[in-house]
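# Chain and residue survey
These are the residues of each chain, in order.
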Amino acid sequence: MANTSRVQGARPTKYLNGAAWNGQANLYFIPSGDATATFVGDFVKMDGTGDPTASGGNNLGVPSCIIAATNQAVVGVVVAFVPNQVNLNSPQYRAGSTGRYCWVVDDPNVIFEIQGSNGTPAIGDVNANANIAVGSGSTTTGQSGATLDIGTIAATATFMLRIVGFSQRADNDLSTGNTANAKYLVKINNHQLGSGTGVLGVL
């Protein structure tokens, strides 16, 4: 049966050694100088602005990050935002041009699930590399609009993601004619905390 389109950006699932992801993430700060809104599931990259107390809080020394564009090195994926204690009804995403703390999964060995777009998924995609397609996040759900760009699948070492498999679930149909909206399992290939700028994919 056809797969349901459920774009949520990247969602951590497990570690490269097969162990379940344990919820571990690190605190980062998104500075107000970044005009692009940020959502849960977005890929982010390191930023040199730092954490000024005037625009986000008093946790000096917390590293900063901003949303990553396609074909850029990334440090991880946003999994949550720190609640605004002044306004607990603040949205579960970070509005553009506002300073906000977030939790980022920045371990290079975490495997993420992400939906494919811009092409037809194929079993031969496994072990290749790909970039992301940056989509508009939902201000209702707070979820990212990022997907794996099937049209970029190649061996290119600097591409953002390494495809390690497909999600093995009953609702992820990989049979002929039903692969649209398939969910991929990926590892960040061009990782800012990793060694080098990624490795060649295998096609």
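Refer to the structure printed above.
Overview of the structure. (Residues numbered from 1 in each chain as written. Predicted model: local features only at pLDDT ≥ 70, side-chain atom pairs only at ≥ 80, totals over all residues. Heavy atoms only, no water.)

## Quick word on the layout of surface pockets
Put simply, the rule reads: Of the grid points, spaced at 1 Å and generated over the protein atoms alone, those admitting a 1.4 Å probe that cannot get out make up cavities, while open sets with protein on both sides within 12 Å along at least five of seven lines make up pockets; any residue with an atom within 4 Å of a point is treated as lining. Grid points are joined across faces, edges and corners, and a volume is the space filled by probe spheres set on the points. For this scheme, ten residues count as nonpolar: Ala, Val, Leu, Ile, Met, Phe, Trp, Tyr, Cys and Pro. Four count as charged, namely Asp, Glu, Lys and Arg, and the remainder, Gly too, count as polar.
Approximately 160 Å³ is the volume attributed to the largest pocket. Every residue along the wall of the largest pocket is listed here: P108, R162, K187, I188, N189, H191, G194, S195, G196, G198 and V199. Of the residues that constitute the lining of the largest pocket, the class distribution is three nonpolar, six polar and two charged.

## Topic: the side chain of D106
Applied cut-off: Each helix corresponds to a stretch of at least 4 residues labelled H or I by DSSP, and each strand to a stretch of at least 2 residues labelled E; elements are numbered beginning at the N terminus. Only protein chains enter the accessibility calculation, which uses a 1.4 Å probe; a residue is then buried when its area is under 20% of its type maximum, exposed when over 50%, and partly exposed in between. A positive count includes Lys and Arg, and a negative count includes Asp and Glu. His and the chain ends are not counted in either. Put simply, a salt bridge is a Lys or Arg side-chain nitrogen that is within 4 Å of an Asp or Glu carboxyl oxygen. In protein, a polar contact requires one atom able to donate a hydrogen and another able to accept it; more generally it is a pair of N or O atoms within 3.5 Å, and residues adjacent in sequence count only if both atoms are side-chain atoms. Note on contacts: a residue pair is in contact if any heavy atoms of the two residues lie within 4.5 Å.
Among the structural elements, D106 can be located in the loop between β6 (100–105) and β7 (110–117). As a buried residue without a salt bridge, D106 has its nearest oppositely charged side chain in K187, at a separation of 13 Å. Side chain to side chain, D106 and Y28 meet in a polar contact 2.7 Å long. Apart from residues no more than four positions distant in its own chain, D106 is found in contact with N26, Y28, V75, G76, H191 and L193.

## What about the nonpolar core?
We count it as follows: We define a nonpolar core as any set of buried Ala, Val, Leu, Ile, Met, Phe, Trp, Tyr and Cys residues linked to one another through side-chain atoms lying within 4.5 Å.
If you look at the biggest cluster of nonpolar residues, it comprises 25 residues, and the most contacted ones within it are F43, F112, L148, I153, L161, Y184 and V186. Elements with a contribution of two residues or more to this core: β7, β11 (161–166) and β12 (183–188).

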